[in-house]
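Spelled out, the chains give:
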Amino acid sequence: MSEKSTTSSLITTLTTALAPAIWGSTYIVTTQLLPPDRPFIAALLRTLPAGVLLLLWSGRLPPRAEWGRLLVLSALNIGFFQAMLFIAAYRLPGGLAAVVGAIQPLLVMGLAWLLDRRPPARLAVGAGVLGVLGMAVLLMSPGAAWDAAGIAAALAGAASMAAGTYLTRRWRSELPVLALTGWQLLLGGLMLAPLAVLVDPPLPALGAVQVLGYAYLSLAGALLAYALWFRGIARLSPVAVSSLGLLSPLVAVVLGWALLGQSMSGLSLAGLVTVLASILAVQWASAQPR
């Protein structure tokens, strides 16, 4: 690999990593700034406005042959995933809500092996298992609060995002990245709308802080983050991209410690270091010629 190509890959990796880092702030914004117990409204207000803005900017329609795939990707990457994400965010503290996302790289490797007959590199598998172990250390650390529904939602969201990440790369779209992102956010938001109306209680009168919270989740957490994420999927391997998702719980844990005074034991720090080592190892293994 040439020096120019290596530099370009590194820049793409770093910009893609911004997406899960931003998503890691979802949990603290949700619990501290938003009205309580409205996961589907939060998911709707995060995705739909961002999708509309991106489509107004791009002005591109998908090819007729891509509509079926686009609906599947919108459900996996946005609709179902965002619903599960906010259920977990409301029911679990900080980084615990994203802990089970550690299984995403292993799920993507499994899909590539099952559907593409591409066995994963041993180092990548080992690094993926290392990430799971690191997250397990965080999960079992003193003070971690268990909630069965929250854990189940986080697990279902991780599986949905893993499938969406793999299929987005496999079904390469003719749409530019911003248009592809906009359509998925719009369609995923429309899927969430019935749940927001029928399940969640109506929103109270919103103060300036709550409006800013929703605006941050939409503009940074959806518009910017998903554009960077799908750009990364188009240029990096699905396994390498999915491993970057481990940054989300890391950021959530650090923000909980820095802003909310949530304690971090030596065991928790060991888990964080283990996860970081897992991310670096997966990135290195994915960059090696097969």
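The rules behind each value
Residues numbered from 1 in each chain as written. Predicted model: local features only at pLDDT ≥ 70, side-chain atom pairs only at ≥ 80, totals over all residues. Heavy atoms only, no water. UniProt positions renumbered as here; feature names shortened; annotations may be inferred. Axes fitted to C-alpha atoms, helices over the stretch in contact; angles between N-to-C directions. Helix = DSSP H or I, 4+ residues; strand = E, 2+ residues; numbered from the N terminus. Parallel < 35°, antiparallel > 145°, perpendicular 65-115°, else oblique. Contact = heavy atoms within 4.5 Å. Nonpolar A, V, L, I, M, F, W, Y, C, P; charged D, E, K, R; others polar. Buried < 20%, exposed > 50% of the residue type's maximum accessible area, 1.4 Å probe, protein only. Left-handed = near helix turned anticlockwise from the far one by under 90°. pLDDT = per-residue confidence, 0-100. Expected span 1.5 Å × (residues − 1). Arc of directions from axis to C-beta. Phe/Tyr/Trp six-rings, centres within 6.5 Å; stacked < 30°, edge-to-face > 60°.

The name given to the chain in an unreviewed UniProt entry is EamA family transporter, with Duganella vulcania as the source organism. On record in UniProt, under Sequence similarities (unreviewed entry), the comment for the chain is "Belongs to the EamA transporter family." The chain has a UniProt comment under Subcellular location (unreviewed entry) that states "Membrane".

**Student:** Looking at this structure, I do not really get the packing of helix α2 (residues 26–33) against helix α11 (residues 247–260). What am I missing?
**Tutor:** When two helices pack together, their arrangement is given by the angle between the helix axes and by the axis-to-axis distance. Look at α2 against α11: their axes get within 8 Å of each other, and the N-to-C directions meet at 45 degrees. Relative to α11, α2 is oriented oblique. Contacts between α2 and α11 involve Tyr27, Ile28 and Gln32 from the former and Ser248, Ala252, Leu255, Leu259 and Leu260 from the latter. When the residues that make up the contact of α2 with α11 are grouped by side-chain class, the tally is six nonpolar, two polar and no charged.

**Student:** I'm lost on the environment of Ile151 in this one. Help?
**Tutor:** Tracing the backbone shows Ile151 in helix α7 (residues 148–170). The class of Ile151 is buried, set by a relative accessible area of 15%. Ile151 sits 64 residues away from Ile87 along the chain, and the two C-alpha atoms are 9.5 Å apart.

**Student:** Could you clarify how one ought to interpret the packing of helix α5 (residues 104–116) against α7 in this entry?
**Tutor:** Running from N to C, α5 and α7 point in directions that differ by 45 degrees, and their axes come no closer than 9 Å. Here α7 runs oblique to α5, going by the angle between their axes. The chirality of how α5 crosses α7 is right-handed. Of the residues in α7, those touching α5 at Gln104, Leu107, Val108, Leu111, Ala112, Leu115 and Asp116 are Ala158, Ala159, Met161, Ala162, Ala163, Tyr166 and Arg170.

**Student:** What exactly am I supposed to notice about unusual backbone geometry here?
**Tutor:** Positive phi, normally seen in glycine, also occurs at Asp37, with a value near 60 degrees. When you line up the elements, Asp37 lands in the loop between α2 and α3 (39–58). By relative accessible area, Asp37 is classed as exposed at 55%.

**Student:** What exactly am I supposed to notice about the confidence of the model for the chain here?
**Tutor:** Summing up the model confidence of the chain, the mean pLDDT is 84 and the portion of residues at 70 or higher is 87%. Confidence, expressed as mean pLDDT per element, reaches its minimum in the chain at helix α12 (residues 266–287) with 72 and its maximum at helix α8 (residues 177–198) with 96.

**Student:** Honestly, α5 in this entry has me stumped. Any pointers?
**Tutor:** Side chains that are three or four residues apart share a direction in an α-helix, a result of its 3.6 residues per turn. Between its first and last C-alpha, α5 extends 17 Å over 13 residues, near the 18 Å set by a 1.5 Å rise per residue. Considered for burial, the residues of α5 that qualify are Gln104, Pro105, Val108, Met109 and Ala112. Projected down its long axis, α5 shows its buried positions confined to an angular sector of 140 degrees, all on one face. Residues of α5 that are exposed and angled more than 90 degrees away from the buried face: Trp113 and Leu114. One or two positions beyond α5, positive phi appears at Arg117, with a value near 55 degrees.

**Student:** Just checking my understanding: could you explain the packing of aromatic side chains for this structure?
**Tutor:** By convention here, two paired aromatic rings are described through the distance between centres and the angle between planes. A full pass over the atoms with the stated rule returns four aromatic pairs. Taking 5.3 Å as the distance between ring centres and 80 degrees as the angle between the ring planes, the aromatic pair formed by Trp67 and Trp183 counts as edge-to-face. On the criterion of sequence distance, the pair formed by Trp67 in helix α4 (residues 67–91) and Trp183 in helix α8 is long-range, its members being 116 residues apart. On the accessibility criterion, Trp67 (30% relative accessible area) is partly exposed. For Trp183, a relative accessible area of 11% translates into the label buried. Where Tyr226 meets Phe230, the ring centres are 5.7 Å apart and the plane angle is 25 degrees; that geometry is what we call stacked.

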